[in-house]
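Structure assessment
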Amino acid sequence: MPLRLQRAILATIILLLLLLVVWFLPLYAHHIPYRLQEQIPDRLWVLVETPLPTALPAAQVTAVPLTTDFFQPATPTPSPTPTVTLTAVDPPAATETILATATATATPIPPTATPSPTPTRPPPPSAHISGLRIIAQTFNNCGPANLTMLLNYYGHDDRQADVERVVRPLREDANVSPWELVAYTNDHTPLTAEYFAGGDLDLLKRLLAAGFPVIVEKGYEPSARLGWMGHYLTLIGYHDGRQAFTALDSYLGPWDSSGREISYDELLTYWQQFNYIYLLVYPPETSDQVADLLGPERLDRETMWRQAGQRAQTAVTTDPENAFAWFNLGTNLTRVGSLTGEQHYFDNAAAAYDQARSIGLPWRMLWYQFDIYEAYLAVGRYEDVITLANVTVSGAGDRIIEESFLYRGHAYLALGNPAQARLDFRQALALNPNFVAAQAALAELGQ
C-alpha cells in the first residue's frame with residue numbers, strides 16, 4: 001500500500017475519532033471523573049457543553065440589623081403554628097433520631113451520657129495516625145470512599161462498592177449526606193459512627209492525637225470551570241509548626257497515598273461552607289473515650305446546634321457579606337426549631353437563608369444541604385421551595401438529587417395538590433429506593 005494512501009487512511013481515522021468525541025462528549029461529559037475533565041481544553045467544553053449555572057436565585061430581602069438576636073422571637077406575638085409537618089424525614093432537621101434508630105449491634109453514645117468535662121489541656125503540637133490506606137473514589141463517590149478508609153483502618157473489609165450500593169444505589173446520585181454514612185456504619189458493621197456540627201481546630205487535633213481519624217465535609221473547587229462543590233476529606237494528622245493538617249483525599253487517589261497537607265486557614269475557609277460538619281467512626285468499646293474528647297455540650301444535640309448557631313451569628317456580625325455564615329445560621333436555627341417545636345426559630349431561619357441568597361450562594365448548594373427547604377415549609381413559603389427545587393433539578397443535568405423531589409412534593413401537598421406530591425415522592429423513591437423519607441411520605445398518602 002502506498003505511503004500516501006496509508007497517511008490518508010490514518011488521517012481519516014483520526015478525523016472520525018475526533019468527530020465521535022465531539023458527538024458523544026455532550027452525552028457523557030458529566031460522567032468523566034473531574035480530575036480527567038480538567039485535562040479537556042476549555043475551548044472544547046464551550047463547543048459541547050451548556051454553560052454551568054452560577055448561583056441560586058437571589059431573595060429580595062430587607063437587610064437584617066446585625067444587632068438582631070436570631071435565637072429570640074422577633075416580636076412578643078407568637079407566630080402561627082406551621083401548616084406543614086414532615087414525618088419520618090431523614091435529617092436534616094425533621095429527624096434527629098437517626099443514631100437512636102441504628103441496629104442493636106451499634107452502640108452510639110447515648111444523648112443522656114454525662115462524660116467528664118471537655119479536656120482543657122491543649123493537644124500536643126503534632127500527631128499522625130499511621131495505617132490508613134488511600135482509596136481512590138470512583139465517579140462522584142467521595143462519601144463511600146472516605147468511609148471505607150475508616151472501616152478498613154478498624155479492620156473491616158467493606159469495599160467502596162459495598163457502601164455505595166446501600167447509600168447511593170444509582171451512580172448518578174450527586175450527594176451522600178453524613179447521616180447516610182452514619183446509618184451504613186451503625187446498620188452494617190459492628191463499629192459506631194456519629195456526625196456533629198460546629199467543629200473547631202482544637203477538637204480535631206485532640207481527636208487525632210487520641211488516634212481517631214476524622215472525616216470532614218467541606219467545600220471544594222477543583223477548577224474554575226467546574227466551580228464549587230461539596231467534598232469529604234479524611235484527616236489523619238496535624239503539625240502546628242507547619243500550621244497544617246495531613247489529609248487523605250479520595251479525589252486525588254493513589255497519587256497522594258501518604259497524605260497531603262492542607263493549611264489550617266484553608267480548611268477553616270472551606271469547612272465553614274458545610275457548617276463545620278465532622279464524622280467519627282470508632283469501636284464501641286471506645287465510646288467513653290470519645291465522649292470525654294467531645295464533651296457533654298456536643299453530645300446534647302440541642303446544645304450542639306445552639307452553639308453552632310451562636311458561632312454563625314458571630315460570623316455574620318463580623319462579616320455581613322459571608323453568605324455561608326448566613327446559611328449556617330439558618331441551618332442551626334432550623335435544627336433548634338425542630339428539636340424545640342418553637343416557631344420563631346423557623347421564622348428567623350428563613351430570614352437568615354434569605355440574607356444568604358441575597359448575597360449569593362453557589363448553584364450546587366442545594367445538592368448537599370436541605371434545611372432551607374424545611375425552614376421555608378415551616379413558615380408557609382411553599383412557592384419558594386418549588387422554585388428552588390426546580391432550579392436545582394434543572395441545573396443538575398443527569399445528576400440525581402432525590403431530596404429536591406421530596407421537598408417539592410411536601411410543598412405541593414401543602415398547596416393542596418396531592419397528585420403532584422405523590423408523583424414527586426415516587427420520583428424521589430425511584431431515584432433512591434433506600435430513601436426512607438420518600439417511603440414514609442408515600443405511606444402517608446396511601447401510595
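Things to note about the overall build of the protein
The helix and strand tally for the protein stands at 19 helices and 7 strands. The burial tally for the protein puts 54% of its 447 residues in the buried class. Long-range contacts, defined as pairs at least 24 residues apart, comprise 70% of the intrachain contacts of the protein with a sequence gap of at least 6.

Concerning the pattern of salt bridges
Summed over all chains, the structure comprises 13 salt bridges. Here Asp-200 makes a salt bridge to Arg-298, at a shortest N to O gap of 3.2 Å. Of this pair, Asp-200 sits in the loop between β2 (192-196) and α7 (201-209) while Arg-298 sits in helix α10 (residues 296-299), and the two are 98 residues apart along the sequence. Arg-298 sits in the buried class, given a relative accessible area of 9%. A salt bridge links Arg-408 to Asp-424, with the shortest nitrogen-to-oxygen separation between them at 2.8 Å. Here Arg-408, found in helix α17 (residues 402-414), pairs with Asp-424, found in helix α18 (residues 418-431); they are 16 residues apart in sequence, far enough to count as distant. The exposure class of Arg-408 is buried, given its relative accessible area of 14%. Sharing partners across several salt bridges, the network here consists of Arg-159, Asp-162 and Arg-165.

Thoughts on helix α19 (residues 436-444)
Here α19 has its buried residues at Ala-437, Ala-438, Ala-440, Ala-441 and Leu-442. On its buried face, α19 is in contact with α17 and α18. Following α19 by one or two positions, Gly-446 has its phi on the positive side, about 70°.

Description of the packing of helix α15 (residues 371-378) against helix α16 (residues 382-395)
Where α15 contacts α16, the two axes come as close as 8 Å, and the packing angle between them is 155°. The angle between α15 and α16 falls in the class roughly antiparallel. In contact with Ile-372, Tyr-373, Tyr-376 and Leu-377 of α15, α16 contributes Tyr-382, Asp-384, Val-385, Leu-388, Ala-389 and Thr-392. Looking at the contact of α15 with α16 residue by residue, the classes come out as 8 nonpolar, 1 polar and 1 charged.

Focus on the environment of Thr-318
One can find Thr-318 in helix α11 (residues 301-318). Within the structure, Thr-318 has its side chain in polar contact with the backbone oxygen of Thr-314 (distance 3.0 Å).

Details of the side chain of Thr-246
Looking at the element boundaries, Thr-246 is found in strand β5 (residues 244-248). On the basis of relative accessible area, Thr-246 is assigned to the buried category, the value being 12%.

Observations concerning the nonpolar core
In this structure, Phe-245 and Tyr-278 are the most contacted members of the largest nonpolar core, which totals 122 residues. Broken down by element, the residue count for this core peaks at 8 residues, all from helix α12 (residues 323-340). The residues contacting Phe-245, other than those within four sequence positions of it, are Leu-201, Leu-204, Lys-205, Leu-208, Leu-235, Gly-237, Tyr-238, Arg-260, Glu-261, Ile-262, Tyr-264 and Leu-267.

Notes on the packing of aromatic side chains
Per the counting criterion, the structure on display carries 18 aromatic pairs. Ring centres 6.5 Å apart and planes at 75° place the aromatic pair Tyr-353 and Tyr-376 in the edge-to-face group. Of the two residues, Tyr-353 sits in helix α13 (residues 343-359) while Tyr-376 sits in helix α15, which places them 23 residues apart along the sequence. The pair formed by Tyr-353 and Tyr-376 is uniform in burial state, with each residue classed as buried. When the ring centre of Tyr-195 is taken as origin, the NZ or CZ atom of Arg-301, which lies over that ring, is 5.2 Å away.

Thoughts on the environment of Asp-354
Considering the arrangement of structural elements, one finds Asp-354 in helix α13. Distance from Asp-354 to Ile-372, taken between C-alpha atoms, is 9.4 Å for residues 18 residues apart in sequence. The residues contacting Asp-354, other than those within four sequence positions of it, are Ala-59, Val-61, Tyr-376 and Arg-381. Reaching out from Asp-354, the side chain makes a polar contact with the side chain of Tyr-376 at a distance of 2.5 Å.

Cut-off values and rules
- Residues numbered from 1 in each chain as written.
- Predicted model: local features only at pLDDT ≥ 70, side-chain atom pairs only at ≥ 80, totals over all residues.
- Heavy atoms only, no water.
- Helix = DSSP H or I, 4+ residues; strand = E, 2+ residues; numbered from the N terminus.
- Buried < 20%, exposed > 50% of the residue type's maximum accessible area, 1.4 Å probe, protein only.
- Contact = heavy atoms within 4.5 Å.
- Salt bridge = Lys/Arg side-chain N within 4 Å of Asp/Glu carboxyl O.
- Axes fitted to C-alpha atoms, helices over the stretch in contact; angles between N-to-C directions.
- Parallel < 35°, antiparallel > 145°, perpendicular 65-115°, else oblique.
- Nonpolar A, V, L, I, M, F, W, Y, C, P; charged D, E, K, R; others polar.
- Polar contact = N/O pair within 3.5 Å; in protein donor to acceptor, adjacent residues only side chain to side chain.
- Core = buried A, V, L, I, M, F, W, Y, C linked by side-chain atoms within 4.5 Å.
- Phe/Tyr/Trp six-rings, centres within 6.5 Å; stacked < 30°, edge-to-face > 60°.
- Lys NZ or Arg CZ within 6 Å of the ring centre and 35° of its normal.

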